[in-house]
Number of protein chains: 2
Amino acid sequence: MRKIIANWSVLILAIISTTSYAQQNNGEQVLFTTSISEDATPAVLARIMTADKNPISEIKFEKGTYHFYPDKAYERFTRISNHDDVMAKMALPLIGFKNLVIDGQGSTFIYHGRMIPFLIEGSENITIQNVTVDWAMSFHSEGTIVANDEKNNTFDIHFSDEYPYEIRNEQLIFLKEYYEHDLGQSILYDPERKAIAFNTEAYTSITTIRNSKVQHNFDKIEYKYKVDPRSKVEKVRGKENNLRVEELKPGTLRIYNHKKKLPPVGMIMVCKGDQSLNRLAPAFRVTGTDSFNINNVTVHHAGGMGLIAENSSDLILDGFHVKPSNGRMVSTSADATHFVGCRGKVVLKNCTFNNQLDDATNVHGTYQEIIDILGEKSIGVRIGHAQQQGFTIGKVNDTIGLVRLADSFFAYSHLTLKNIKEINGRYQIITFKEPLPENLKVGDLIENLEAYPELLVQNCDISRNRARGLLISNPKKTLIENNFFSTEMEAILVPVESSHWFESGNAANLTIRNNTFQDNQHSGHNRGVIRFVTDDDNNNIAFKNIQIIDNVFNQFDNMILEISNVDGLVFEGNKITNSGTFPMLYPENPAIRVKASKDVVFKKNEYKGKAENILEKDDSMPKLKFR
Amino acid sequence: MRKIIANWSVLILAIISTTSYAQQNNGEQVLFTTSISEDATPAVLARIMTADKNPISEIKFEKGTYHFYPDKAYERFTRISNHDDVMAKMALPLIGFKNLVIDGQGSTFIYHGRMIPFLIEGSENITIQNVTVDWAMSFHSEGTIVANDEKNNTFDIHFSDEYPYEIRNEQLIFLKEYYEHDLGQSILYDPERKAIAFNTEAYTSITTIRNSKVQHNFDKIEYKYKVDPRSKVEKVRGKENNLRVEELKPGTLRIYNHKKKLPPVGMIMVCKGDQSLNRLAPAFRVTGTDSFNINNVTVHHAGGMGLIAENSSDLILDGFHVKPSNGRMVSTSADATHFVGCRGKVVLKNCTFNNQLDDATNVHGTYQEIIDILGEKSIGVRIGHAQQQGFTIGKVNDTIGLVRLADSFFAYSHLTLKNIKEINGRYQIITFKEPLPENLKVGDLIENLEAYPELLVQNCDISRNRARGLLISNPKKTLIENNFFSTEMEAILVPVESSHWFESGNAANLTIRNNTFQDNQHSGHNRGVIRFVTDDDNNNIAFKNIQIIDNVFNQFDNMILEISNVDGLVFEGNKITNSGTFPMLYPENPAIRVKASKDVVFKKNEYKGKAENILEKDDSMPKLKFR
């Protein structure tokens with residue numbers, strides 16, 4: 001009798017287990033072999049497009065190299081935050097999928113032209129693993145400075161056969177598959193360090209644009225509404241090309257009219273074209289998705305970010321490696337990762353964020369400007385930045401804060417979201433469950449107070465890239481530990497900013513511990529390694545409950561930490577040395593600067609740097625001492 | 001008793017009548033007053049967007065002038081045949097409407113920037129009446145030639161305050177609301193005749209583009225699939241700006257490097273920017289709509305066509321007047337009307353098609369190229385022209401012809417359409433109900449054999465415009481009667497063409513009667529007033545059953561009629577004179593040329609022209625005589 005009972009329980013367990021397995025793997029396990037490798041797009045897409053009738057639980061690829069062309073790819077007009085609006089072309093449009101694993105089994109996917117390798121929208125529990133993403137031709141170009149001539153103010157640059165080009169009316173255009181770019185945004189890399197060149201700000205960006213001289217009756221165009229001077233139409237007005245390019249011999253070009261210092265011989269200049277055109281092909285685009293996992297994925301390149309996630313929750317990136325291939329200096333042409341309006345958990349662990357042309361990550365929400373009061377419960381909002389067009393600020397029942405930054409960095413009131421009508425990319429009508437407060441004014445901002453994540457950045461190598469390491473605008477809990485930072489600008493930037501990018505979120509409950517900071521901020525900016533800053537120049541508190549503990553700062557220059565508008569910061573157990581790697585750029589600087597803050601505590605730190613004055617402070621904390 | 005019965009029948013009639021009225025007018029009669037005239041967009045759009053819950057039968061506007069701005073307009077990515085793909089901005093997105101009348105009651109609607117005034121999709125029985133459409137700033141620019149200098153090969157041009165501009169790197173850019181254009185496509189207008197200048201081809205287009213001189217490794221870019229050399233990315237390769245522009249004084253500019261004859265002083269040069277960028281804002285876009293009526297509508301301008309209709313049926317335009325305002329030379333910047341894949345009846349009566357920069361109408365279908373055989377019943381097709389991207393060739397059960405133009409202009413087989421999957425703008429997967437025939441080959445074309453209309457063009461004034469009057473590729477019945485034609489190129493062009501525009505349809509059952517043709521083809525082309533022509537140089541029959549009867553040709557030059565690849569044409573009762581309006585350009589020409597045709601009959605015509613040899617013919621009809 002006992003035996004029978006035991007058998008029963010085994011049976012029940014077996015059934016439960018099977019049921020659970022079936023729920024998670026309700027669909028076919030698809031295997032693609034290298035027979036499709038010449039253009040994997042049509043076969044992969046054909047299977048994806050029938051998944052509604054014939055579900056898939058897993059897609060595996062026989063280990064190999066697969067090419068993906070756009071010609072027979074699925075196409076859809078797509079707005080992507082912090083990217084340009086694009087006609088996205090995809091072999092893997094994962095829209096409305098649930099419980100799917102894609103396993104490259106060590107394969108490499110090579111993309112051709114303007115494609116988005118992984119687009120995941122409105123999905124749930126998606127895992128991508130064991131795959132390497134690269135492009136046949138990069139969206140940027142890299143050339144070596146081979147000569148410069150102070151007398152004639154020219155420099156010569158050589159491009160390898162990897163970078164076809166032509167000259168149109170003295171302007172250099174790089175020719176790609178289905179794409180091209182001009183010099184546009186540029187920066188120097190040091191090929192010995194395979195990192196951004198020391199003091200590159202003295203040399204770059206190269207000055208591609210100047211004011212035009214003849215303009216007639218432009219002032220007679222009267223716009224009725226506010227116009228974004230950075231929009232594609234407006235930004236070119238009153239501007240013209242400044243540089244003149246001449247081919248000396250095939251592959252070698254002379255550049256005239258540069259206005260900064262001439263780039264040193266031997267440096268590598270990377271250029272990626274105009275800012276409003278060059279973010280068009282991120283490797284991963286995730287939006288409206290709950291539970292997204294990346295395991296052991298390498299992104300060698302993308303024409304945009306490695307991963308851009310919007311309005312998603314629980315994103316776990318374990319072993320997401322952004323680093324260049326083929327001897328290139330550059331990996332992705334924008335941020336390695338970027339999270340907008342995400343919630344739940346965001347985890348970046350055991351990752352590599354190397355050589356990308358923008359931040360390792362940027363975590364923030366969005367401000368939208370109230371421009372119309374349309375009724376008792378409705379407003380019309382304007383989306384401020386061209387690369388946020390169409391962004392949905394939240395979902396039903398989210399708590400939306402009303403913000404007037406001139407008065408406070410925190411919301412003065414809040415409402416419950418009922419409905420968003422997208423009228424156009426720049427304009428939405430938002431209705432709330434409650435009446436608008438009487439003090440709401442046109443010009444105020446809205447911010448989603450819920451759409452921020454718990455953030456963990458752990459055991460990551462963040463180095464050799466342009467711009468920041470981490471850009472944190474996250475009022476929820478953030479833990480940054482055991483990482484290595486060596487970045488061109490701030491290792492960690494904590495801003496409140498509203499007037500340019502419209503990226504919301506004032507950091508709080510932020511812990512930075514056990515990290516190593518090696519020679520950050522080496523491109524020439526007079527700024528700290530970790531920096532708290534607000535756009536609005538006032539003494540209001542923006543940041544709360546910050547801990548910076550047990551880190552090592554091995555920095556060539558003085559400035560380590562800039563604290564501003566902070567309430568509650570502990571700086572404890574940190575070791576600061578001078579690395580001697582580069583000449584000091586700002587030897588007059590202190591190690592730490594404190595402004596408009598309160599409850600800041602220094603203890604048990606070790607300072608072996610070169611600053612004459614370790615701590616510089618304003619009137620906000622007159623008795624503060626570095627210890 | 002009789003009275004009661006009589007009353008009953010009256011009552012029944014009344015009920016029927018009311019029911020019928022209710023069906024046709026099932027919804028609110030909306031009236032907008034001039035209180036919304038400063039920007040009518042938000043109010044009109046708000047009402048349209050609630051029409052699903054609160055239906056509308058009629059929208060009336062109090063007579064007045066209404067401005068429509070794009071800032072708060074509904075926006076959607078939209079592909080429009082023979083236009084560029086656009087982010088369409090609309091105050092009146094009529095999508096899925098039924099039985100709706102929009103009555104301007106004599107109002108004028110003024111649009112600002114890139115908008116589509118009337119977008120009608122998937123609708124039924126829609127009428128637009130009594131409204132005038134115009135734009136605050138035109139999408140083209142007009143300047144007067146004020147000097148030319150043969151010695152230095154320059155000409156000077158003056159632009160009024162209506163046309164703000166700037167010069168960027170010696171290139172002239174016209175600045176508009178939310179838009180700009182360069183010189184691009186240009187042509188001369190004669191201000192005295194308010195029509196295209198005589199012999200303008202000798203002077204225009206002005207030569208804005210030349211080959212660039214430096215190109216390196218472009219041949220190393222290997223495309224796997226066919227690329228459209230006219231696509232936006234490809235067309236600029238190997239090209240650069242040719243002209244140099246200098247401001248002499250505000251409003252007056254000197255143009256260097258023009259390669260044709262210098263434009264004569266006093267002529268007006270109109271320019272509309274690059275061909276792949278300048279068709280973005282048609283006044284009416286109609287697609288997938290059954291029964292569409294326009295009554296008494298004037299279109300003074302549009303950045304594209306006056307009306308572009310696709311895949312619609314029964315379109316009746318009665319009193320559709322395309323003509324310029326404000327002393328401008330130009331009305332719409334492309335065709336006045338254009339019909340692609342339309343069926344049922346298409347009627348243009350009592351219309352004015354003046355001063356537009358392309359044809360008065362163009363009626364055709366679409367060829368798509370078979371590039372993949374994907375199974376027993378499925379093919380992959382490529383859309384050949386960038387401005388046909390996303391075009392849907394037909395609906396379920398349509399008869400689709402298989403065409404191999406090298407062999408015949410007529411389909412060699414046909415299949416029944418089952419399903420179309422749009423993969424991307426250029427590529428679709430089409431499935432048929434029957435298996436593909438064995439002789440189907442990659443490279444063959446498909447054509448919808450049903451999607452052509454019965455066409456009537458009656459009592460229209462077609463004059464003062466660039467390009468053709470009517471471009472007819474319609475194998476169904478076409479009647480063209482009682483019209484006045486005075487156009488820059490052919491009054492009536494009847495083509496089969498496949499290699500550039502991919503516009504299908506070989507004309508048949510075409511009657512042209514009682515029209516007056518006055519000085520057409522005056523821009524310099526050596527072509528006839530009415531012209532039948534095929535792209536493919538062979539003797540196959542393309543056109544059948546043509547009647548050209550009782551027309552008056554009052555033409556300054558000799559060539560009246562070019563017949564090629566025709567089976568069955570009667571040319572009867574026509575009167576041909578020489579107008580003497582302009583000098584003859586091609587005095588050596590005959591009046592009529594016949595090639596590769598059969599069953600052509602001339603009778604009872606009157607010839608008072610100047611051709612020494614009235615009829616020129618090849619071996620196809622050796623005994624043919626003009627009578």
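Worth saying up front: this structure is predicted, and the values here are computed from it rather than measured.

With respect to the overall build of chain A
Of regular secondary structure, chain A possesses 3 helices and 55 strands. Relative to its length of 627 residues, chain A is compact, with a C-alpha radius of gyration of 26 Å against a globular reference of 25 Å. Referenced to the eigenvectors of the C-alpha coordinate spread, the extents of chain A come out at roughly 95 × 65 × 60 Å. Going through the 627 residues of chain A one by one, you find that 60% of them count as buried. For chain A, the share of sequence-separated contacts (at least 6 apart) that also reach a separation of at least 24 residues comes to 73%. Between the mean site of the 71 positive side-chain charges and the mean site of the 77 negative ones, chain A shows a separation of 3 Å.

Notes on the sheet that holds strand E15 (residues 186-190) of chain A
Residues and elements named next belong to chain A. Sheet architecture is open: 7 strands sit in the order E16-E15-E22-E10-E11-E21-E20, paired in antiparallel fashion. Unpaired on one side and paired on the other, strand E16 (195-196) and strand E20 (244-249) mark the two borders of the sheet. Pairing geometry for E15 and E16, over 2 bridges, is antiparallel. When the bridges of E16 are listed, aspartate 190 appears paired with alanine 195.

Side note on helix H2 (residues 41-49) of chain B
Of the positions making up H2 of chain B, those classed as buried are Thr41, Val44, Leu45, Arg47 and Ile48 of chain B. For H2 of chain B, the buried positions fall inside an angular range of 160° around the axis, keeping them on one side.

A word on the pattern of salt bridges
Within the structure shown, the criterion is met by 74 salt bridges over all chains. Among the ionic pairs, glutamate 38 of chain A bridges to lysine 224 of chain B, the shortest N-O distance being 3.7 Å. Taken as a pair, glutamate 38 of chain A in the loop between strand E1 (28-32) and helix H2 (41-49) and lysine 224 of chain B in the loop between strand E18 (214-216) and helix H3 (232-235) lie in two separate chains rather than in one. The exposure class of lysine 224 of chain B is partly exposed, given its relative accessible area of 35%. Close ionic contact of lysine 235 of chain A with aspartate 274 of chain A constitutes a salt bridge, the shortest N to O distance being 2.7 Å. In this pair, lysine 235 of chain A sits in helix H3 (residues 232-235) while aspartate 274 of chain A sits in the loop between strand E22 (268-271) and strand E23 (284-287), placing the two residues 39 residues apart along the sequence.

Thoughts on the domain arrangement of chain A
All names here are of chain A. Here the domain parsing of chain A yields domain 1 (28-137 + 281-358), domain 2 (141-271), domain 3 (366-448) and domain 4 (470-617). Taking only C-alpha atoms into account, the centre of domain 1 sits 31 Å from that of domain 2. Each side of the interface is counted separately: domain 1 has 15 residues, and domain 2 has 17 residues. Here domain 1 and domain 2 share an interface that buries about 1,300 Å² over both sides, 57% of which is from carbon and sulfur atoms. Per-residue buried area on domain 1 facing domain 2 is highest for Arg114, Met137 and Met329; these three make up 48% of the total on that side. Here domain 1 and domain 2 share 1 salt bridge between them. For the salt bridge of arginine 328 with glutamate 162, the shortest nitrogen-to-oxygen distance reads 3.2 Å. Here domain 1 is connected to domain 2 by 8 residue pairs in polar contact (both at pLDDT 80 or more).

Details of the packing of aromatic side chains
All names here are of chain B. Enumeration over the complete set of coordinates arrives at 55 aromatic pairs over all chains. Here phenylalanine 109 and phenylalanine 118 contribute two aromatic rings whose centre-to-centre distance is 6.3 Å and whose plane-to-plane angle is 20°, an arrangement assigned as stacked. Where phenylalanine 139 meets tyrosine 179, the ring centres are 5.2 Å apart and the plane angle is 65°; that geometry is what we call edge-to-face. A residue pair is termed long-range when its members are at least 10 positions apart, and phenylalanine 139 in the loop between strand E9 (124-135) and strand E10 (141-149) and tyrosine 179 in strand E14 (residues 179-182) qualify at 40 residues.

A word on the sheet that holds E18 of chain B
Taken in spatial order, the 4 strands make up an open sheet running E14(A)-E13(A)-E12(A)-E18(B), and their pairing is antiparallel. One side of each edge strand has no neighbouring strand; the edge strands of this open sheet are strand E14 (179-182) of chain A together with E18 of chain B. Between one strand axis and the next, the sheet turns by 25° as a mean value, whatever way the strands run. The pairing of strand E12 (residues 165-168) of chain A with strand E13 (residues 171-176) of chain A spans 4 bridges and is classified as antiparallel. Looking across to E13 of chain A, one finds that arginine 168 of chain A is bridged to glutamine 171 of chain A.

Here we look at the interface of chain B and chain A
Contacts between chain B and chain A engage 62 residues on the former and 62 residues on the latter. Among the residues chain B hides against chain A, the three largest losses belong to Lys72, His216 and Tyr225 of chain B. Together they make up 14% of the total. Put simply, chain B and chain A have 10 salt bridges between them. Among the salt bridges present, the one from glutamate 75 of chain B reaches arginine 79 of chain A, with a minimum N-O distance of 2.6 Å. Residue composition of the side of chain B that touches chain A, grouped by class: 26 nonpolar, 10 polar and 26 charged. Pairing between E12 of chain A and E18 of chain B: 3 bridges, direction antiparallel. Residue tyrosine 165 of chain A lies in a different strand from E18 of chain B, and its bridge partner there is histidine 216 of chain B.

What to know about the relation of the copies chain B and chain A
In the superposition of chain B on chain A (RMSD 0.0 Å, axial shift 0.0 Å), the rotation amounts to 180°. The relationship between the two copies is best expressed as a two-fold rotation axis. Looking at the rotation axis and the C-alpha trace of chain B, the residue lying nearest is phenylalanine 77 of chain B, at 3.4 Å. Residue by residue, 100% of the interface of chain B is reproduced at the interface of chain A, so both copies engage with the same surface.

Overview of the side chain of histidine 525 of chain A
Residues and elements named next belong to chain A. Within the fold, histidine 525 resides in the loop between strand E45 (516-518) and strand E46 (530-534). Side chain to side chain, histidine 525 and glutamate 201 meet in a polar contact 3.2 Å long. If we ignore the near neighbours within four places in the chain, the residues touching histidine 525 are Glu201, Met489 and Tyr586.

Details of the pairing of strand E25 (residues 307-310) of chain B
All names here are of chain B. Burial along E25 is two-sided: the residues Leu307 and Ala309 and Ile308 and Glu310 are all buried. Sheet topology note: the strand E23 (residues 284-287)/E25 ladder contains 4 bridges and is parallel. Its bridge partner being in E25, arginine 285 is matched across the sheet by isoleucine 308.

Notes on the pairing of strand E27 (residues 337-340) of chain A
Residue and element names in this part refer to chain A. Burial along E27 is two-sided: the face carrying Thr337 and Phe339 and the face carrying His338 and Val340 are both buried. Where strand E25 (residues 307-310) meets E27, 4 bridges bridge the pair, whose relative direction is parallel. Paired with isoleucine 308 across the bridge in E27 is histidine 338. Note that E27 and strand E30 (residues 361-366) share 2 bridges and pair parallel.

Some words on unusual backbone geometry
Following threonine 204 of chain A, the chain continues to serine 205 of chain A via a peptide bond in cis, the omega torsion being -5°. The residue serine 205 of chain A is located in the loop between E16 and strand E17 (209-211) in this model. Notably, asparagine 82 of chain B is not glycine yet its phi reads approximately 60°, a positive angle. Examined against the element boundaries, asparagine 82 of chain B turns out to sit in the loop between strand E4 (74-78) and strand E5 (86-90). Of the residues examined, asparagine 82 of chain B reaches a relative accessible area of 2% and is grouped as buried.

Some thoughts on a negative patch on the surface
A cluster of acidic residues, Glu170 and Glu246 of chain A together with Glu170 and Glu246 of chain B, forms a negative patch at the surface. Structurally, glutamate 246 of chain A is set in strand E20. On the basis of relative accessible area, glutamate 246 of chain A is assigned to the partly exposed category, the value being 32%.

Things to note about the environment of asparagine 554 of chain B
All names here are of chain B. Mapped onto the elements, asparagine 554 comes out in strand E48 (residues 552-555). By relative accessible area, which is 21% here, asparagine 554 ends up partly exposed. In sequence terms asparagine 554 and serine 486 are 68 residues apart; their C-alpha atoms lie 9.8 Å from each other. Setting aside chain neighbours within four positions, we find asparagine 554 in contact with Phe517, Gln518, Asp519, Thr577, Asn578 and Ser579.

What to know about the environment of proline 495 of chain A
Residues and elements named next belong to chain A. Note that proline 495 resides in strand E42 (residues 492-496). The buried category is assigned to proline 495, whose relative accessible area is 9%. When the C-alpha positions of proline 495 and methionine 621 are compared, they lie 21 Å apart, and in sequence the two are 126 residues distant. Discounting residues that sit within four places of it in the chain, proline 495 has contacts with Leu471, Ile472, Ser473, Gly505, Val533 and Phe543.

Describing the environment of glycine 341 of chain B
Residues and elements named next belong to chain B. Counting through the fold element by element, glycine 341 comes out in the loop between strand E27 (337-340) and strand E28 (343-349). Separated by 88 residues in the primary sequence, glycine 341 and isoleucine 429 place their C-alpha atoms 19 Å from one another. Setting aside chain neighbours within four positions, we find glycine 341 in contact with Asn311, Ser312, His364, Gly365 and Ala451.

What counts as what
Residues numbered from 1 in each chain as written. Chains lettered and ligands numbered in written order. Predicted model: local features only at pLDDT ≥ 70, side-chain atom pairs only at ≥ 80, totals over all residues. Heavy atoms only, no water. Helix = DSSP H or I, 4+ residues; strand = E, 2+ residues; numbered from the N terminus. Rg over C-alpha atoms; globule rule 2.2 N^0.38 Å. Buried < 20%, exposed > 50% of the residue type's maximum accessible area, 1.4 Å probe, protein only. Contact = heavy atoms within 4.5 Å. Lys, Arg positive; Asp, Glu negative; His and termini not counted. Charge placed at Lys NZ, Arg CZ, Asp CG, Glu CD. Pairing = 2+ DSSP bridges. Arc of directions from axis to C-beta. Salt bridge = Lys/Arg side-chain N within 4 Å of Asp/Glu carboxyl O. Domains from an automatic or database assignment. Buried area = accessible area lost by both parts, 1.4 Å probe. Polar contact = N/O pair within 3.5 Å; in protein donor to acceptor, adjacent residues only side chain to side chain. Phe/Tyr/Trp six-rings, centres within 6.5 Å; stacked < 30°, edge-to-face > 60°. Axes fitted to C-alpha atoms, helices over the stretch in contact; angles between N-to-C directions. Nonpolar A, V, L, I, M, F, W, Y, C, P; charged D, E, K, R; others polar. Least-squares fit on C-alpha atoms with pLDDT ≥ 70 in both. Patch = residues over 30% accessible without salt bridge, like charges linked within 9 Å, V, L, I, M, F, W, Y side chains within 5 Å. Areas by Shrake-Rupley, 256 points an atom, 1.4 Å probe, with all protein chains shown as cover.

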